[in-house]
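# Structural overview
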Amino acid sequence: MALSQVGEYVKDMNELDHIVNFTMSFFKDEHPKVRFATMHCVGQFAEDSKPDFQIRYTDKLMPNLIEMTKDNTPRVVSHALGALTNFLDGCEKGSVSNYIPQVLEPCINYLNNSISLVKEGALSTIATLAEATQKDFIPYWEQTSELLFNILKDSSDKIYKQIRGQAIESLVLIGESVGKEEFSKGAHQIIEKLVEIQ
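Presented here is an overview of the structure given in this document. Since the structure is predicted, the reported quantities are computational estimates derived from the model, not experimental observations.

## Notes on the environment of M39
Assignment of secondary structure puts M39 in helix α2 (residues 32–48). Take M39: its relative accessible area is 1%, and that puts it in the buried class. The spatial distance from the C-alpha of M39 to the C-alpha of E176 is 29 Å, given a sequence separation of 137 residues.

In structure tokens form, the structure reads like this:
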């Protein structure tokens, strides 16, 4: 957790190499609190040093972050999704398009079968992935929009207010990323549901 604070003061990315390698050695630590702290560290570096951090470490970190989203502790999974979201947020447009299927697989699984904390993380990750990949996300728009629409439709109780709000935000961000033509294919149904929610 202390190491996560040094990123904003590092101007030369070469100085981060040792810290990143050291941090990655804890990705598979047996204690979930250590794995949680590791995800916090990577997420903070990704936020503080973007886009240089992403340019330098995409190939090194993306596969490992994706793997961490499959952890067996929900709080670690949630934080891994947060770190992945921060990382994707600093990526150059199109630079992570080849990772779309690998990122979507666990996220879609969590939207179908997980607790709210993890679902919320998955929603943010999907939206940020769409923003980072733009038109390359089009082949996945129909599947993801249907999932998000089902969340709006099925999560009507007051306790699901947070996740419903995130689903709306994600739909907007993904729709903007794939473009007007693609968004318009499902827009009528989505708008009707938004009016109903309002």
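Here the narrative resumes.
## Quick look at the packing of helix α1 (residues 16–24) against α2
Across the interface, α1 lies against α2 with an axial gap of 10 Å and an inter-helix angle of 150°. Compared by their axis directions, α1 and α2 come out roughly antiparallel. Judged by the twist between their axes, the crossing of α1 over α2 is left-handed. Counting all contacts with α1, which are made through L16, I19 and T23, the residues of α2 involved are T38, C41, V42 and F45. Here the residues of the contact of α1 with α2 are counted per class, giving 5 nonpolar, 2 polar and no charged.

About the cut-offs
- Residues numbered from 1 in each chain as written.
- Predicted model: local features only at pLDDT ≥ 70, side-chain atom pairs only at ≥ 80, totals over all residues.
- Heavy atoms only, no water.
- Helix = DSSP H or I, 4+ residues; strand = E, 2+ residues; numbered from the N terminus.
- Buried < 20%, exposed > 50% of the residue type's maximum accessible area, 1.4 Å probe, protein only.
- Axes fitted to C-alpha atoms, helices over the stretch in contact; angles between N-to-C directions.
- Parallel < 35°, antiparallel > 145°, perpendicular 65-115°, else oblique.
- Left-handed = near helix turned anticlockwise from the far one by under 90°.
- Contact = heavy atoms within 4.5 Å.
- Nonpolar A, V, L, I, M, F, W, Y, C, P; charged D, E, K, R; others polar.

Note that every value here comes from positions in space, so none of it alone points to a role or purpose.
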